[in-house]
Structures are given as structure tokens and as C-alpha cells.
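Residues per chain, in single letters:
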Amino acid sequence: MQAIRVSELRKTFPAGGRVRRRDAVEAVAGISFSVAAGERLAYIGPNGAGKSTSIKMLTGILHPTSGEATVLGIVPWRRRRELAARIGTLFGQRSQLWYQLTPRQTFGLLARIYGVSRADEASRVASLGELLDATELFDQPVRSLSLGQRMRCELVASMLHEPEVLFLDEPTIGLDLVAKTRFRDLIVRINEQRGTTILLTSHDVSDIEQVARRVIVINHGRLIYDDRVSRMRRTLLGTKVVDVRFADPPAMVDVEGAMLEKLTGSGAKLVVDTTQRPIRAVLDDLLERYDVVDISVADPPLEEIVSHIYTRPL
Amino acid sequence: MRPYLAGFNRGLRGAVVAPGDLTVRMTFLVIVVLVMAALWSAAVEANGGSIEGYTRDSLLWYVMAAQVAVIAVRPRTVEEVGEEIGSGTVAVQMLLPVSVAGLRMSIEAGEAAARLAAALVVGGAATWFLAGAPPSGAGMAMAVPACALGAAANIASQHAFGGIAFWLLDAKSTWFVYQKLVFIPGGMLIPLELLPGGLEAVARVLPFATMAYVPGRLASGHAEPALLAWQAAWLVALVGVALAVYAAGQRRLEVLGG
Amino acid sequence: MNAVLTTMRTALADGWANRRSFAFQVLLMVVNDVTWVLFWALFFNRVGTVRGWNPDDVYVLFSVLLVAAGIAIGLLANSRRIGQLAADGELDETLVLPIEPLPHILTKRIDAANVGDLLFGPVLFVLAGNPTPERVAVFVLGSLAGTVALVGFLVFCGALTLFVGGRGEQGDLGFNAILIFASYPLDLFGGATKVLLFTAVPAAFVTGLPAQLVRDFDAQRAALLVSVAAGFALLGWVTFSLGLRRYSSGSLWSR
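Here the structure is a predicted model, which is why all the values come from computation and not from measurement.

1. Looking at the interface of chain B and chain C
The partner chain C presents 30 residues to the 29 residues of chain B that form the contact. Among the elements of the structure, α2 (19-45) and α9 (174-183) of chain B are those that each provide at least two residues to the side of chain B that touches chain C. Among the elements that line the side of chain B that touches chain C, the one with the most residues is α2(B), at 12 residues. Taken together, the residues of the side of chain B that touches chain C sort by class into 21 nonpolar, 5 polar and 3 charged.

2. Comments concerning the packing of helix α3 (residues 55-75) of chain C against helix α11 (residues 203-215) of chain C
All names here are of chain C. In the contact formed by α3 and α11, the axes pass within 9 Å of each other and the chain directions differ by 130 degrees. Comparing the axis directions of α3 and α11 gives the class oblique. The chirality of how α3 crosses α11 is right-handed. In this structure, α3 uses D57, V60, L61, V64, L65 and A68 to contact α11, whose residues at the interface are V206, T207, P210, A211, V214 and R215. Looking at the contact of α3 with α11, its residues break down into 9 nonpolar, 1 polar and 2 charged.

3. Structural notes on the interface of chain C and chain A
Taken residue by residue, the interface counts 26 residues in chain C and 31 residues in chain A. Every element with two or more residues in the side of chain C that touches chain A is listed here: α1 (2-16) and α5 (92-95) of chain C. A per-element tally of the side of chain C that touches chain A places α1(C) first, with 7 residues. Grouping the amino acids of the side of chain C that touches chain A by side-chain chemistry returns 10 nonpolar, 11 polar and 5 charged.

4. Some remarks on helix α8 (residues 133-164) of chain C
An ideal rise of 1.5 Å per residue puts 46 Å on 32 residues; α8(C) measures up with 47 Å between its terminal C-alpha atoms. Positioned one or two residues after α8(C), G165(C) has a phi angle of 80 degrees, which is positive.

5. What about the nonpolar core?
V156(A), L200(A), A65(B), A69(B), A151(B) and A156(B) are the most contacted members of the largest nonpolar core, which totals 243 residues. With sequence-adjacent residues up to four places away left out, A151(B) is seen in contact with A69(B), A72(B), V73(B), A112(B) and L116(B). Judged by nonpolar contacts, the second largest core, of 11 residues, contains V242(A), F246(A), A258(A) and L270(A).

6. Quick word on the sheet that holds strand β4 (residues 66-71) of chain A
All names here are of chain A. Pairing is antiparallel in the open sheet, where 3 strands are placed in the order β2-β1-β4. Of all strands in the sheet, those with a lone pairing partner are β2 (25-36) and β4, marking the two edges. Recorded for the sheet is a direction-independent mean angle of 15 degrees between the axes of neighbouring strands.

7. Remarks on the sheet that holds strand β3 (residues 40-44) of chain A
Residues and elements named next belong to chain A. If you trace the 6 strands from one edge of the open sheet to the other, you get β5-β6-β7-β3-β8-β9, paired in mixed fashion. The open sheet has two edge strands with one neighbour each: β5 (87-91) and β9 (222-228). Across the sheet, the axes of successive neighbouring strands diverge by a mean angle of 15 degrees, strand direction being ignored. Both β3 and strand β8 (residues 214-219) contribute to a ladder of 4 bridges, which runs parallel. Each residue of the ladder has a partner; that of I44, found in β8, is V217. Relative to the sheet, helix α5 (residues 147-159) contacts β5 and β6 (165-169), its axis offset from that of β5 by approximately 155 degrees.

8. Some remarks on the arrangement of the chains
Between all 2 pairs of chains that are in contact, chains A and C come out with the most contacts. For chain A and chain B, which are not in contact, the least C-alpha distance works out to 11 Å.

9. Remarks on unusual backbone geometry
Residues and elements named next belong to chain A. Phi is positive for L72, close to 55 degrees, though the residue is something other than glycine. Turning to its location among the elements, L72 is positioned in the loop between β4 and α2 (80-84). By C-beta crowding, L72 is classed as partly exposed, having 19 other C-beta atoms within 10 Å. For D133, which is not glycine, the phi dihedral falls at a positive 50 degrees. By the secondary structure assignment, D133 is in the loop between α4 (118-131) and α5. D133 sits in the partly exposed class, given 13 other C-beta atoms within 10 Å.

The rules behind each value
- Residues numbered from 1 in each chain as written.
- Chains lettered and ligands numbered in written order.
- Predicted model: local features only at pLDDT ≥ 70, side-chain atom pairs only at ≥ 80, totals over all residues.
- Contact = placed C-beta atoms within 7 Å.
- Helix = DSSP H or I, 4+ residues; strand = E, 2+ residues; numbered from the N terminus.
- Nonpolar A, V, L, I, M, F, W, Y, C, P; charged D, E, K, R; others polar.
- Axes fitted to C-alpha atoms, helices over the stretch in contact; angles between N-to-C directions.
- Parallel < 35°, antiparallel > 145°, perpendicular 65-115°, else oblique.
- Left-handed = near helix turned anticlockwise from the far one by under 90°.
- Expected span 1.5 Å × (residues − 1).
- Core = buried A, V, L, I, M, F, W, Y, C linked by C-beta atoms within 7 Å.
- Buried ≥ 20, exposed ≤ 12 C-beta atoms within 10 Å, placed from the backbone.
- Pairing = 2+ DSSP bridges.

Rendered as C-alpha cells:
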């Protein structure tokens with residue numbers, strides 16, 4: 001059973017703007033995909049790629065310029081209210097929780113809005129609180145919660161009406177590493193214990209690794225990759241970027257398994273394919289053979305992965 | 001002196017470059033002039049042609065000048081000053097090697113100058129259309145600088161009031177009440193001569209009358225130069241108070257480590 | 001309906017969470033309103049009756065305005081912010097809920113200061129409006145009709161931004177113009193202005209007609225008021241609903 005079906009969906013924002021004249025923008029340029037019930041999908045792309053616009057069309061907020069889509073068999077922009085009762089949303093940059101009130105008070109309002117009985121509300125709040133380790137946060141005013149704590153309560157709020165699909169738009173933005181990891185874990189928990197279909201947008205590559213089983217990459221409004229994460233990991237996420245600074249810059253940096261991308265007066269940038277040689281081995285070599293002052297290892301920026309995907313179809 | 005002149009210029013240019021705000025204000029000016037014209041025409045009509053020496057036409061010129069002087073100034077400055085203090089923004093401003101209050105007032109004065117020029121033209125045109133030429137050329141000539149002095153006094157006074165936020169910390173919605181002080185004892189809505197004796201006496205002692213009543217009185221044909229001197233005196237006093245309040249507040253912040 | 005009432009209750013709780021600030025703002029607004037009453041008292045004290053209007057008539061007018069504004073921008077504080085909300089993409093959080101968006105948007109924000117108006121308006125009427133049972137009934141119904149007209153007008157102006165862009169500044173201008181005109185008796189104004197007040201700047205339907213009806217009830221004009229108020233409400237509703245199809249949710253700067 002396909003929870004989400006998208007076909008040639010397109011959204012063009014018309015030209016306009018009074019202060020600065022702006023050309024028409026094709027935010028989403030004809031995308032097609034489907035998502036099975038119970039799946040965990042990461043919807044990845046750089047800023048401005050069209051991720052948020054896609055989600056907003058699937059949740060009924062925006063009307064598409066052309067194309068079709070159904071979520072749970074319902075066309076979102078035609079029967080918005082009917083669909084809204086069956087899906088949940090969590091926008092990282094917009095809060096559903098009333099700032100001066102406690103999360104529990106917001107839950108009460110949402111329960112009335114979604115038509116959840118008081119008895120059901122109580123039991124669901126309790127069980128979600130347990131599932132998401134958030135119960136002790138429910139009776140403190142939202143303004144006194146940290147961002148990580150708030151996001152956990154937002155999750156409770158978005159699951160209160162037991163939606164079949166949960167859309168998350170950049171939910172980990174602004175969270176520190178620990179909070180991010182914890183949050184991703186909770187999303188997986190929800191999916192595994194309740195079978196909720198998860199569609200998560202992000203520009204953070206780690207969201208793919210921890211949460212998703214399948215990943216769709218979008219760029220310039222077009223889908224450029226749609227496959228299982230395991231495959232992507234094997235081929236693309238095995239790359240690491242190593243930035244080295246030397247006390248006395250050598251004329252050449254030659255390490256097995258590392259490709260020298262840039263050599264400057266103070267340091268070098270190397271690209272390592274960890275599927276060919278473990279990063280540890282490369283680092284050991286570097287530290288042993290050169291006079292290293294500083295070293296950092298990072299994932300390649302998403303833009304780079306995306307452009308690799310773009311130029312090397314798999 | 002230079003940083004304050006620079007502030008003035010910045011304010012001036014800022015106001016000119018934002019035509020939207022100017023248009024809105026000028027529209028309001030016209031609306032208010034129309035409404036006041038209707039009100040005072042009816043009032044004078046019901047009182048046999050003049051009230052306390054004001055004819056219908058001279059009252060309209062009174063209204064014009066009083067409105068122009070007030071509309072040139074942002075009414076929410078009291079609140080904004082209060083918020084800047086309450087939120088601690090002012091602490092950052094105090095890192096500059098100039099007087100915060102002085103600089104802020106200069107910028108607002110610049111903005112006010114732009115609005116004043118526009119308002120004099122628009123308001124003057126509307127009033128001329130409704131009431132003919134100003135009743136006294138000399139009066140009108142004095143009314144123009146009076147509008148400027150009144151606006152300046154208004155700005156200084158708002159900074160003095162807002163400065164109280166150093167001690168009270170909540171200035172939200174206070175601008176409403178301040179505005180009413182300019183409206184009534186300030187003489188913007190109703191010439192001071194029309195107030196009952198006791199109230200008129202009190203109003204003449206308060207600084208608000210220099211912000212609206214003086215320009216209005218001059219424009220309505222009563223070319224009394226003493227009024228300008230009275231304005232200048234209050235302006236100096238109010239600027240002094242604003243600077244003192246800020247200085248005291250600054251010392252308090254430093255003590256509190258705010 | 002339950003959802004709407006709960007939303008309003010939640011908004012009140014949210015505003016009331018900072019009790020001191022809420023109460024202080026209400027108080028300040030009451031002071032502000034009292035000074036306006038004072039202005040009229042001073043005016044009539046010196047000028048006497050003007051075109052058949054004496055102070056009590058004006059106080060009735062003002063109480064209607066206070067109730068209408070108190071509800072429209074105090075309790076339903078978002079009614080004047082629809083343009084901003086649309087421009088900033090803040091309608092999203094309502095559009096993902098399984099309810100009619102407009103009632104929720106209108107009831108989810110309360111402005112403490114203008115609630116002060118709503119509290120003072122009836123008090124003023126009781127004190128100065130000669131509150132016989134008939135007059136009270138007309139006052140309540142007339143003020144409500146005026147409120148509906150005002151909210152409808154505000155929503156209409158705000159919803160226009162969904163079609164023409166901007167942030168609703170035109171609506172703000174229109175609203176403030178209504179406020180000014182609505183504070184003065186209708187009879188004060190001559191031909192062209194009066195036409196304006198019955199059309200583009202509908203102050204006549206917000207306070208003018210309701211106040212006239214309290215003075216001197218007449219079924220025909222009452223029917224006119226009610227139908228025009230309903231008309232503005234419908235206009236606002238329809239414009240907003242059609243505009244939602246063109247909503248771009250602030251996506252223009254974060255896609």
C-alpha cells in the first residue's frame with residue numbers, strides 16, 4: 001500500500017516583488033516518487049532545493065502549479081481538512097507549542113482540534129511521554145525548555161492524533177549533536193513501534209545515516225537520486241575530506257588511499273575513499289610522515305555529494 | 001558635534017528613502033485635517049462665528065500647524081526607548097563613544113525634519129484649500145520654525161519619559177498615554193483657550209503645550225514672538241532632562257553590571 | 001465550534017500568563033480611553049450642542065467603537081494581521097490542522113491593550129448612555145453588527161495581499177482611517193466624505209449607524225446595517241478562501 005504517491009508535481013512561484021523585481025521561480029520542477037506505508041524516507045537537498053515546497057504541497061498548504069499527488073489516497077490540496085486529520089507535521093522552524101503555556105496545555109487544545117476524546121488524550125499523552133522520554137517536561141512552560149526538550153514535546157504534539165504519516169521539515173535544525181542523535185532515535189522509535197510512515201526533510205547528511213532506510217535527493221527542484229540508503233552509503237558516504245595544516249609545508253603530500261585535492265602554503269586538502277582504505281590508516285600515515293600541526297576530518301559537504309550524484313549516475 | 005550631525009543626516013535620508021511611510025503619514029494628515037475641519041466648522045457655526053477669538057478659518061490653520069508638528073514625530077518613541085533599555089540593547093549602544101541619548105535624538109530629529117517638510121507642504125495645501133490663505137503672514141512665518149521646535153521638544157521629551165524604563169522596565173503601551181498628554185494639555189486637539197480655567201493654567205505650565213499649541217497659535221494669526229522663546233526654553237530643558245536621565249540610567253546599569 | 005472556543009481560551013491563557021503585563025496594558029488603555037472621553041467633555045463644555053449632537057450621543061458612539069475595536073483587534077487580534085501572516089508564511093501552522101482556517105487564525109491571538117477597550121466600552125455606555133432595556137439591546141446588537149463589519153473589512157484587506165503581494169499595509173491604513181472617522185458623529189461630515197464612509201472606509205457601518213440606531217431605532221436602517229455587516233463578513237471570508245489557493249507560505253526565501 002502506497003502511503004504517498006507523487007507524479008510530475010510542479011510548483012512555480014510567479015514573478016513579482018515590488019521592491020526588488022523577481023523572476024518566476026520554479027521551486028519544484030516535476031518530481032515523481034512513491035512512499036510505502038511504514039517506510040522511513042529522508043528527503044535531502046541543499047538550501048533552496050525545493051524540499052520545503054514539496055512538503056507543503058503534500059500537506060495541503062500549497063497548491064501545485066501542475067501534477068498530481070495523493071497522500072493516503074487523498075489529494076492534499078483538494079481535501080485538506082480530511083487529510084490533515086490523518087497526517088502529522090513537525091516544522092523545525094515553526095512551533096506548535098504555545099510559548100507561555102505548558103506543553104500539556106497545547107496538547108489539550110490540539111486534542112479538541114483533532115477531535116480526540118479526553119480519555120484518549122490522557123492515555124496518549126502518557127504513552128507518548130513514555131515513548132519519547134518527555135513526561136517530566138509536560139508541565140513546565142515551553143519558554144523554559146531547551147530547544148532539544150521543546151522538540152521532543154513537539155513530537156508528542158504531532159503524534160497526539162495518531163497520524164499514519166508524519167512529515168518532518170528540518171526538525172533537527174539548531175540542535176546540538178547530542179540532542180540531534182537523541183531526536184533521530186525517537187523518530188525511529190515512533191516508526192518501529194507504531195508503523196508511522198516517516199518523511200523527513202533535511203540538509204544534514206547524518207539524518208540519512210541515522211534515520212532513513214531510503215533517501216531521495218532533490219536539487220534545483222528536481223529529483224536526482226532515489227534509492228536505499230545502504231546503497232548510497234556504500235558508494236558515496238564512504239568519502240571523507242581531510243584538512244591538514246603543516247608546521248613546514250611539504251612540496252608534495254602522498255598518502256596511500258588519499259587523493260590530494262589542494263595544496264597551499266600552509267596545508268593540504270585530501271579526499272579519502274574509506275571503502276578503499278580505512279580513515280585511521282590514512283591518518284596514521286599522515287601523522288607519521290609529515291609534521292602535522294592540525295588535522296580535521298569531515299564528511300564532504302552535501303553540495304559535493306549532491307554534485308557527485310548529479311554527475312555520476314549510479 | 002559631528003557625530004550628532006551625522007546622525008541627523010542619517011535620519012533625514014532614511015525618512016526620505018522610505019516613501020511608503022511618508023505617504024501613509026501624509027494620508028493621515030489629510031484625513032485628520034478634513035475631520036477636524038468638519039468638527040470645528042460645526043462648532044464655530046453653533047457658536048455664532050467664533051470661539052475665544054478663533055474664527056473657523058483661523059481654527060483650521062491652528063489645527064494644521066498643531067497636527068504638522070505632532071505628526072512629524074514618531075509616537076512610539078517612548079515605547080521603543082523603553083524596550084531598548086529593558087532588553088539591554090542600550091548597553092550595546094553605550095559602547096559607542098558618544099552620548100546614546102544625544103545620538104538617538106539626532107537621528108530622530110533628522111527623520112522628523114523630512115516628515116515636517118512634507119507635512120508642511122501637504123497640510124498647508126489642504127488647509128489653504130479649505131480655509132483660504134493663512135490669517136497672518138507673520139504668524140505663519142513664525143509657525144514654521146515653531147513646528148520644528150515643537151517636534152524637537154517632543155522628541156526630547158519622549159526620550160526623557162522612555163528613560164524611566166531604566167528604573168521601571170516595562171514601557172509597553174505607555175506611548176498611548178504620552179500621546180494623550182500631547183493631545184490635550186498639549187493643545188493638539190483643542191486650543192488651550194477653550195479649556196476651562198484651571199486646566200488651561202496647568203497646561204501652560206507643562207511642556208506639552210510647546211509641542212502643538214504654540215505652532216497652532218502662531219499659525220492661527222496670533223504672531224506672538226514670546227511663544228517662540230517659551231518653546232526654545234523648554235526645548236533646552238527637555239534635552240537636558242533626557243541627557244541626565246540617560247546618564248543616570250547608564251551609571252545604574254554599570255553598577256548592576258547590566 | 002469547540003475548537004474555536006478552546007483556541008480562544010488558550011489564547012487568553014497565553015496572554016494572561018504574564019499577569020502584570022496584561023493587567024497593566026488593560027489599565028493603560030482604559031486611561032487612554034478616559035482621556036478621549038475627557039476631550040469630548042471639554043469640547044462640549046465650551047462648544048455646546050453641535051448639529052443636534054450632545055455629549056451623551058458622542059459617548060454612545062464612542063462606546064460602540066470601543067466594543068467593536070475591542071473585539072476586532074483585542075480578542076480577534078489577528079484580524080488586522082492577516083496580510084503580515086500571509087506574507088511571512090505564518091498561515092502554515094493553521095493549514096495543517098483539520099479545521100476551517102479563518103476562525104482559528106482569528107481567535108488564536110489576543111491583544112491585551114485592546115481588551116481594555118472591550119471592558120471600558122460597556123461601562124461607558126452604562127454610565128453615559130442612558131441604559132434602558134431597549135437601548136441596551138440595540139447597543140449590544142448594533143455593536144456586534146459593527147464588529148462583524150469591521151472584522152470582515154479587515155480580513156478582506158489582509159486577504160488582498162494573497163493576490164497583490166505586500167504585507168497588508170493598505171489594510172492598516174484603511175483600519176486607522178476607519179478608527180479616526182468612526183470616532184466622530186456621522187452628521188459632522190458632508191456629501192462626498194459621507195459617501196466614503198458608507199463605502200471604501202466603512203466607518204458608518206462600524207459606529208455611525210449603530211449609534212444612530214441607539215438614539216432613534218428604525219427597522220429599515222437596522223436591516224441595512226445587519227445585511228451590510230453580513231456582506232463584509234462574506235467578502236472577507238470569500239477573499240481569504242480564494243486567496244489561500246495562491247498562498248506561497250514564505251517559500252520565496254526558504255525552499
